[in-house]
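Here is how the chains run, residue by residue.
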Amino acid sequence: MSTPWSTADIPSQAGRTAVVTGANSGLGLATARALAAAGAHVVLAVRDTSRGETAARSITGDVEVRRLDLADLASVREFASSWTGDLDLLVNNAGIMMVPAGRTADGFELQFGTNHLGHFALTVLLLPHVTDRVVTVSSGLHRNGTIVLDDLDWERRPYSDTGAYGASKLANLLFSLELQRRLTAAGSTVRSMAAHPGYAATNLQSHTENRLKDLVMKLGNRFIAQSDADGALPTLFAATADLPGGSYAGPSGFQEGRGAPTLVGRSREASDVQLAKDLWTASEQLTGVTAD
């Protein structure tokens, strides 16, 4: 690109419908705001609908709020089963980061269950409605993660909040990879994309329940990180630019921490086609959600 890509480059989204998970704050809200400003009808898929309504009132454009708790597969199924009509764009944005050990409503490790399994089930259930693309938000910290297929829920290993987060973000990339492989094999024109925000200042980093970690992240947000609006640019780039399926977008600056969006690389493990297939199979078994 001759000039850095920005929201000014988003083509008209008039007549299109988008779902953005976790859209009541941070990157999700910034993504929803930009899509609505471009003319899309945007559904804010959020766990707390009162916060979602507050967020919706801050957006200029056509938006609505629907409840979705990614840490509860019953909620995911309810959201998907209530959907009718076409869905042009699904943005799998919601997530939790480096939280203490916990379990989802279905007994999965909290970060893996929320960040990956919830979005896996949501995407597979909504896929018959999707007409254009699915964008799954990962993180540069996927490079610090590893997938242990026989211990995805951290039952045999000492729990690591950073390790579990990295694994969940690696799972996001493997999911997007396998989804694109399956779409291509089926002859579908739907595209599976991935993006990461770099280092963006959001409230995601303030729930570790570790005072030192929270302080370090707070200082980083204040003095180093880019804004949530800038952090949302790679997601918007992946969601609206004319890019091939399987693309992975991130910031163009130093160590992909900030800057205009561009296409970026991924770790060797995140490119492992067989691991992506195996993780998909495991995810089907865990969630009970299978794809045709």
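Criteria and thresholds
- Residues numbered from 1 in each chain as written.
- Predicted model: local features only at pLDDT ≥ 70, side-chain atom pairs only at ≥ 80, totals over all residues.
- Heavy atoms only, no water.
- Phe/Tyr/Trp six-rings, centres within 6.5 Å; stacked < 30°, edge-to-face > 60°.
- Helix = DSSP H or I, 4+ residues; strand = E, 2+ residues; numbered from the N terminus.
- Buried < 20%, exposed > 50% of the residue type's maximum accessible area, 1.4 Å probe, protein only.
- Lys NZ or Arg CZ within 6 Å of the ring centre and 35° of its normal.
- Core = buried A, V, L, I, M, F, W, Y, C linked by side-chain atoms within 4.5 Å.
- Contact = heavy atoms within 4.5 Å.
- Salt bridge = Lys/Arg side-chain N within 4 Å of Asp/Glu carboxyl O.

Labelled according to an unreviewed UniProt entry, the protein chain appears under the name Oxidoreductase, originating from Klenkia sesuvii.

**Observations concerning the packing of aromatic side chains**
Across all of its chains, the model carries six aromatic pairs by this definition. Ring centres of Phe 79 and Trp 83 lie 6.3 Å apart, and the angle between their planes is 25°; this geometry places the pair in the stacked category. With a centroid separation of 5.8 Å and 70° between ring planes, the pair formed by Phe 120 and Phe 175 is classed as edge-to-face. A residue pair is termed long-range when its members are at least 10 positions apart, and Phe 120 in helix H4 (residues 110-126) and Phe 175 in helix H5 (residues 161-185) qualify at 55 residues. Classification of Phe 120 by relative accessible area gives buried; the value is 0%. Just above the ring of Trp 154 sits the side chain of Arg 157; from NZ or CZ to the centre is 3.7 Å.

**Some details on the nonpolar core**
Formed by 43 residues in total, the largest nonpolar core has its most connected members in Val 19, Phe 79, Leu 122, Leu 126 and Ile 147. Every element with two or more residues in this core is listed here: strand S2 (41-46), helix H3 (73-81), strand S4 (87-92), H4, strand S5 (130-137), H5 and helix H9 (273-287). Not counting residues up to four positions away in its chain, the partners in contact with Leu 122 are Thr 21, Leu 68, Leu 70, Val 76, Phe 79, Leu 90 and Asn 92. One finds Ala 23, Ala 30, Ala 195 and Leu 233 within the second-largest nonpolar core, a separate group that totals 34 residues.

**Things to note about the pattern of salt bridges**
Counted by the stated rule, this structure contains nine salt bridges. With its nearest N and O atoms 3.3 Å apart, the salt bridge here joins Arg 133 to Asp 132. By relative accessible area, Arg 133 is classed as buried at 4%. Residue Arg 191 is joined to Asp 132 by a salt bridge in which the shortest nitrogen-to-oxygen separation is 3.2 Å. With Arg 191 in strand S6 (residues 191-195) and Asp 132 in strand S5, this residue pair connects regions lying 59 residues apart in the sequence. Residue classification places Asp 132 among the buried residues on the basis of a relative accessible area of 12%. Residues joined in a network through salt bridges with shared partners are Arg 16, Asp 132, Arg 133, Arg 191 and Asp 242.

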